[in-house]
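# Topology and contacts: notes
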Amino acid sequence: MKIGLLGAGKVGFSLGRYFSEHHIPLAGYYSRNTASAQEAADFTDSAWFSRLKDLVHQSDLLFVTTGDDALPAVWEQLRNLPLENKMICHCSGSLSSGIFSEAHKTGCSVYSVHPLVAVSDRYTGYHALAKAVFTIEGDDEHLDELVALFTAMGNRVQTIDRHQKALYHCAAVTVSNHVLALLDWGVELLVRCGFAQEQALSVLSPLIRGNVEAALCRGVTDALTGPVERGDTATITNHLRALSDHPDEQLLYKLLAGRLVEVARRKHPQRDDSELRTMLGGLF
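Residues numbered from 1 in each chain as written. Predicted model: local features only at pLDDT ≥ 70, side-chain atom pairs only at ≥ 80, totals over all residues. Heavy atoms only, no water.

## Observations concerning the overall build of the protein
Within the protein one finds 14 helices and eight strands. Computed over the C-alpha atoms, the radius of gyration of the protein is 24 Å, more than 25% above the 19 Å expected from 2.2 N^0.38 for a compact globule of 284 residues. A principal-axis box enclosing the C-alpha atoms of the protein has dimensions of 70 × 40 × 30 Å. Scored against the burial criterion, the 284 residues of the protein give a buried share of 40%. Long-range pairs, those at least 24 residues apart, make up 58% of the contacts in the protein with a sequence separation of at least 6. (Helix = DSSP H or I, 4+ residues; strand = E, 2+ residues; numbered from the N terminus. Rg over C-alpha atoms; globule rule 2.2 N^0.38 Å. Buried < 20%, exposed > 50% of the residue type's maximum accessible area, 1.4 Å probe, protein only. Contact = heavy atoms within 4.5 Å.)

This is the structure:
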């Protein structure tokens, strides 16, 4: 089975190199940017194609690694080429295989294959793929083959229903991008206390690392500490008072604390948390 890659950006480079490192045959690359396709081919010891139809002809399994916005237009090109018995995948985290509309009419099988990891560099990103869980959804016909491809390389694979793809991506964004929003907020609060902007994040670093490591090692519930976990309403009252000039931040604090109340309830199921719920405004 030969793999072709349509797109020569970070994901295309990384995925192609990851396959080549595991001695999986590559047909090569096609990209609107010819120079990128040539560079990706050199990086993966494969070929590059000046015509999409030639890459499709040489490939049994095709990965579309373009941006999400380009996928509909790419599919319009692909669906007019001979795709009988081929497997077509995209690597979007948020879109499902349904973006390949009416694929059954072409005789191909379609999938979304998403590595649950950030690929930030085209030349080193393949190292991160070794630790990634790959989430796959799509047609039943060749699903087992696609799962086997990644499990053979040592990856964990999770199959999901295509209708859950947006919720899946929401989970990924919550623990990655949204965490950065919280870090930025924490830094801003320290700056208001008089810390230098350039020092604030490093000051918080041991606390950040300790909490993440505890959650990864022991699970979120057992890692929970702090005033909500203790049921310390006096401290939480002081926090809310300190944020009294920023009602939007007060609301965010209450929403996050309310979520932690649910975590604390799992850790201390016999504890009465009614006072804490009341002071959070009855939001939970």
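Still more ground to cover, so stick around.
## Overview of a nonpolar patch on the surface
On the surface, a nonpolar cluster with roughly 210 Å² of combined accessible area is contributed by L182, L252 and L256. In this fold, L182 is placed in helix α8 (residues 177-192). According to the relative accessible area criterion, L182 is partly exposed, its value standing at 38%. (Patch = residues over 30% accessible without salt bridge, like charges linked within 9 Å, V, L, I, M, F, W, Y side chains within 5 Å. Areas by Shrake-Rupley, 256 points an atom, 1.4 Å probe, with all protein chains shown as cover. Salt bridge = Lys/Arg side-chain N within 4 Å of Asp/Glu carboxyl O.)

## Some words on the side chain of D273
One can find D273 in the loop between α13 (247-267) and α14 (274-279). Look at D273 and you get buried, because its relative accessible area is 12%. Setting aside residues up to four positions removed in sequence, D273 forms contacts with V261 and R265.

## What to know about the pattern of salt bridges
By the definition in use, this model includes 14 salt bridges. R79 is paired through a salt bridge with E102; the nearest N and O atoms lie 3.2 Å apart. With R79 in the loop between α4 (71-78) and β5 (87-90) and E102 in the loop between β5 and β6 (109-115), the pair connects residues that are 23 residues apart, well separated along the chain. Relative accessible area serves as the criterion here: at 41%, E102 is assigned to the partly exposed category. Through salt bridges with shared partners, a single network forms among E76, R79, E102 and K105.

## Here's the deal with helix α1 (residues 10-21)
Spanning twelve residues, α1 covers 16 Å between terminal C-alpha atoms, matching the ideal 16 Å at 1.5 Å per step. Residues of α1 that are buried: G12, F13, S14, L15, G16, R17, Y18 and F19. Positive phi shows up at H23, right after α1, with a value of about 60°. (Expected span 1.5 Å × (residues − 1).)

## Focus: the nonpolar core
I3, F19, F63, V113, L146 and F150 are the most contacted members of the largest nonpolar core, which has 32 residues in total. With five residues, the single largest contributor to this core is helix α6 (residues 143-151). Setting aside anything within four residues of it in sequence, one finds F19 in contact with I3, I24, L26, F63, L149, F150 and M153. (Core = buried A, V, L, I, M, F, W, Y, C linked by side-chain atoms within 4.5 Å.)

From the geometry alone we can't say anything about function, so treat these as descriptive.
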